[in-house]
Amino acid sequence: MPDDLLLRLRDFHSDYFPLHQQRFQDLVAQGQHPKTLFIGCSDSRLVPYLLTGAAPGELFLVRNVGAFVPPYDQSHGLHGTMAAIEFAVLSLKVERIIVCGHSHCGAIRTAYEGAPDEAVALKAWLKLADEALLPVQPSAEALRRTEQRAVVLQLERLMDYPMVRRAAEAGQLSLHGWHYVIEEGEVHVFDAAQGAFVPASLASHSGTGPYQPYVEHDGQILSDG
């Protein structure tokens, strides 16, 4: 039976790499200087390079279940997402942070329905979505709203990171909240002034922050505090 992964590795080396060899060599010689930290869900249907049209070296990627940002509690635990945010802002000096959720998110649905008993780490991780959950049954509309609320919640948590707040308030860093609707091929960007997500095809910007606590059209305040 053919080893599909091996064939793809060989295709990359023989077909793709020769066309972009100079770019990769420059990234080695000059180092990486990405302008954007992209925090996205691990879902296989979310492909940051396709959405943004970015080339190698342009995105610093963090992927996790739900595209969640842990609270900055200074616990000094072994946490990859927190470490990546610190590295991106303090060492790489990124100019943008994108938090990208998406439609039909398994993490959000599982936050409502519960994870398997054996998934101890997953259960603890999904508590990061608690503040975004609605007191309703998880209908399609409730899930969509929760996915978007979760994105904004992570933006608010980012502002609790001292290095993020410092850079944002100095005008050196902007925050962007995105919700990718897979079946439409459309990213909806969070417009803080409107308090709503707007399709990129109709938006006047790609979403900018920092953000204050999010007030939805029904008057409900989303806050992590």
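Residues numbered from 1 in each chain as written. Predicted model: local features only at pLDDT ≥ 70, side-chain atom pairs only at ≥ 80, totals over all residues. Heavy atoms only, no water.

As annotated in an unreviewed UniProt entry, the protein carries the name Carbonic anhydrase and comes from Hydrogenophaga aromaticivorans. What UniProt records for the protein under Catalytic activity (unreviewed entry) is the sentence "hydrogencarbonate + H(+) = CO2 + H2O". Comment text from UniProt for the protein, heading Sequence similarities (unreviewed entry), reads "Belongs to the beta-class carbonic anhydrase family." (UniProt positions renumbered as here; feature names shortened; annotations may be inferred.)

A.B. asks: Before we go on, may I ask you to explain the pattern of salt bridges in this structure?
C.D. replies: Pairing between side chains of opposite charge can happen when their charged atoms approach one another. Tallying each qualifying case throughout the model produces seven salt bridges. Salt-bridge contacts for E95 lead to K35; the nearest nitrogen and oxygen are separated by 3.5 Å. Taken together, the positions of E95 in the loop between α3 (80-91) and β3 (96-102) and K35 in the loop between α1 (4-30) and β1 (36-41) put the pair 60 residues apart, joining distant regions of the chain. The salt bridge partner of E169 is R165, with a shortest N-O separation of 2.9 Å. Of this pair, E169 and R165 both sit in helix α7 (residues 162-169), separated by four residues, roughly a single helical turn. (Salt bridge = Lys/Arg side-chain N within 4 Å of Asp/Glu carboxyl O. Helix = DSSP H or I, 4+ residues; strand = E, 2+ residues; numbered from the N terminus.)

A.B. asks: How do you make sense of the layout of surface pockets when you look at a structure like this?
C.D. replies: Any empty space left between the atoms is revealed when a probe the size of a water molecule rolls over them. Roughly 240 Å³ of volume is contained in the largest pocket. Considering the residues around the largest pocket, the lining is formed by 13 residues, among which S103, H104, A140, R144 and E147 are closest to the centre. Per element, the largest residue contribution to the lining of the largest pocket is five residues, and it comes from helix α6 (residues 140-158). For the lining of the largest pocket, the per-class residue count stands at four nonpolar, four polar and five charged. (1 Å grid on protein atoms, 1.4 Å probe; cavity = no way out; pocket = protein on both sides within 12 Å on 5 of 7 lines; lining within 4 Å. Points joined across faces, edges and corners; volume = space filled by probe spheres on them. Nonpolar A, V, L, I, M, F, W, Y, C, P; charged D, E, K, R; others polar.)

A.B. asks: I keep staring at the packing of aromatic side chains and nothing clicks. Help me out?
C.D. replies: Geometrically, a pair of aromatic rings is defined through the distance of the ring centres and the angle of the planes. A complete count under the given rule lists nine aromatic pairs for this structure. Residues F38 and W178 carry aromatic rings whose centres are separated by 6.3 Å and whose planes lie at 75° to one another, so their mutual orientation is edge-to-face. Here W178 lies in strand β4 (residues 174-181) and F38 lies in strand β1, a separation of 140 residues in the sequence. For F38, a relative accessible area of 0% corresponds to the buried category. Taken together, a centroid distance of 5.1 Å and an interplanar angle of 50° make the contact between F190 and F197 tilted. This pair shows no difference in class: F190 is buried, exactly as F197 is. Linked through ring pairs, F12, Y16, F17 and F24 together constitute an aromatic cluster. (Phe/Tyr/Trp six-rings, centres within 6.5 Å; stacked < 30°, edge-to-face > 60°. Buried < 20%, exposed > 50% of the residue type's maximum accessible area, 1.4 Å probe, protein only.)

A.B. asks: Just to check I follow, could you spell out the sheet that holds strand β6 (residues 196-199) for this structure?
C.D. replies: The strands making up a sheet associate through backbone hydrogen bonding, with each pair oriented either parallel or antiparallel. On the basis of which strands lie adjacent, the open sheet formed by six strands has the order β2-β1-β3-β4-β5-β6 and mixed pairing. Here the strands that pair on one side only, and so sit at the sheet edges, are β2 (59-64) and β6. Strand-to-strand twist across the sheet, computed as the mean angle between neighbouring axes with direction ignored, equals 25°. As defined by bridge partners, β4 adjoins strand β5 (residues 186-191) across four bridges and the pair is classed as antiparallel. In the sheet register, Y180 faces β5, and the bridge partner there is V187. Contacts between α6 and the sheet are confined to β1, β3, β4, β5 and β6, with β4 contributing the most and set at about 165° to the helix. (Pairing = 2+ DSSP bridges. Axes fitted to C-alpha atoms, helices over the stretch in contact; angles between N-to-C directions. Contact = heavy atoms within 4.5 Å.)

A.B. asks: Mind showing me how you'd approach empty space enclosed by the protein here?
C.D. replies: Summed over all chains, the structure comprises one cavity of 30 Å³ or more. The computed volume of the largest cavity comes to approximately 50 Å³. Around the largest cavity, the lining residues are G66, A67, G101, H102, C105, I108, E147, A150, V151 and Q154. Of all elements in the fold, only β3 and α6 reach the threshold of two or more residues within the lining of the largest cavity. Counting residues per element, the lining of the largest cavity draws most heavily on α6, at four residues.

A.B. asks: Mind showing me how you'd approach the nonpolar core here?
C.D. replies: It is characteristic of soluble globular proteins that their nonpolar side chains tend to be buried jointly. One finds L37, I39, I85, I97, L158 and V164 to be the most contacted residues of the largest nonpolar core, which totals 28 residues. Looking at this core, the elements that each hand over two or more residues are β1, β2, α3, β3, α6 and α7. If you tally residues by element for this core, the top one is α3, at five residues. By size, the runner-up hydrophobic cluster in this structure holds 26 residues, among which are A67, Y112, L126 and V187. (Core = buried A, V, L, I, M, F, W, Y, C linked by side-chain atoms within 4.5 Å.)

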